[in-house]
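Next come the chains, spelled out residue by residue.
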Amino acid sequence: MHRMGLPLERLPDDVLLDGLMTGDPEVAVAFVRRFQRRVFGVAVAVVGDVQLAEDVAQQTFERACRHAQVYDSRRGSVPTWLMSIAHNLAVDTVRARRSTPVDPEDLSTLLDAVTDTPERHAIADEASAELRAAVSELPRPQARALVMAGIYGMTAQQVADAEGVPLGTAKTRIRTAAGKLRAALVPGRGGGRGG
C-alpha cells in the first residue's frame, strides 16, 4: 500500500519518510540506505571521528523515525531536514566532549573540511555545494566566527575570547557572515556573486 506501486528504492523521499511511521522494517532499511552516506558525511565533518560519527548517524535515524510526523515540506526537503538533525546531534556531541574552546588553529582545518576536501562529496545534497561555496567566499575572520558559532555552537562571547576580539566585533562577524550566506543562498537575494 505504502509503495504506491513502486519499489521502495524509487519512492519519493517524503513518501519514504511517511512510511517510517508505519513501523515497516523494510521502509526503515530503505530510508537508511538512501541517506546513510550523507548523514555520516555530515557527522564525520563535524565530529572528526569515525566511531563518533557512526553513533551520531545512528542517533539521527532514530530521531528521524521518532519525529517523522513533525517533518514539514514547506521548510525544506527531506534530505535537508535529515542533515539538519545530523548536524545538530553532531554539534551536541562535540559540545559534550569539549570542555575548552576550540583552538583557532583547528578551525582553519575545519574550514578547509567544510569548503574544499574529499569529505565534502559525502555530504552532497543540493544545498551543501552552495553552502560550501558561500562559506569559502567569506572573509576568513567572518568564516571562522560563523563556523565557531554554527558548527561548534559557541556563544558570541566564546567566539570573541577565542579570536581575541571585543564581543561586539564577534557578534558583527557572525551576523555579517550569516547575512552574506542568506543573501548567497536564498533565491532573489544577493543577485549572484558580488564583486
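In case you missed it, the structure is sitting above this.
Given the structure is predicted, the values throughout are model-derived calculations rather than measurements.

Participant: Quick question: what am I supposed to make of helix α4 (residues 78-97) here?
Facilitator: Owing to its 3.6 residues per turn, the α-helix aligns residues three or four sequence positions apart on the same side. If you check α4, its first and last C-alpha atoms are 29 Å apart, about what 20 residues at 1.5 Å a residue would give, namely 28 Å. Listing the buried residues of α4 in full gives V78, P79, W81, L82, M83, I85, A86, L89, A90, V91, T93 and V94. Elements in contact with the buried residues of α4: α1 (13-20), α2 (25-47), α3 (50-66) and α7 (140-150).

Participant: Can you help me understand the nonpolar core in this one?
Facilitator: Within soluble globular proteins, side chains that are nonpolar tend to cluster in buried spots. Counting residues in each nonpolar core, the largest one holds 34 residues, and the members touching the most others are L16, L17, F31, F35, V39, V47 and L82. When contributions to this core are tallied by element, the ones reaching two or more residues are α1, α2, α3 and α4. Beyond its immediate stretch of four places on either side in the chain, L82 contacts F31, F35, V39, T60, F61 and A64. If you look at the next biggest cluster of nonpolar residues, it comprises nine residues, including M154, A156, V165 and I174.

Participant: I tried to follow the pattern of salt bridges on my own but got confused; where do I start?
Facilitator: Opposite charge on two side chains allows them to pair when their charged atoms are near. Evaluated as defined, the whole model comprises four salt bridges. The residue R34 makes a salt bridge to D13 at a minimum N-O spacing of 2.7 Å. In this pair, R34 is assigned in helix α2 and D13 in helix α1, connecting sequence segments 21 residues apart. Residue R144 pairs with E163 through a salt bridge whose shortest N-O separation is 2.9 Å. Highlighted residues: R144 in helix α7 and E163 in helix α8 (residues 156-163), separated in sequence by 19 residues. On the accessibility criterion, E163 (17% relative accessible area) is buried. A single salt-bridge network, built from bridges that share partners, covers R144, E163 and R173.

Cut-offs applied
- Residues numbered from 1 in each chain as written.
- Predicted model: local features only at pLDDT ≥ 70, side-chain atom pairs only at ≥ 80, totals over all residues.
- Heavy atoms only, no water.
- Helix = DSSP H or I, 4+ residues; strand = E, 2+ residues; numbered from the N terminus.
- Expected span 1.5 Å × (residues − 1).
- Buried < 20%, exposed > 50% of the residue type's maximum accessible area, 1.4 Å probe, protein only.
- Contact = heavy atoms within 4.5 Å.
- Core = buried A, V, L, I, M, F, W, Y, C linked by side-chain atoms within 4.5 Å.
- Salt bridge = Lys/Arg side-chain N within 4 Å of Asp/Glu carboxyl O.

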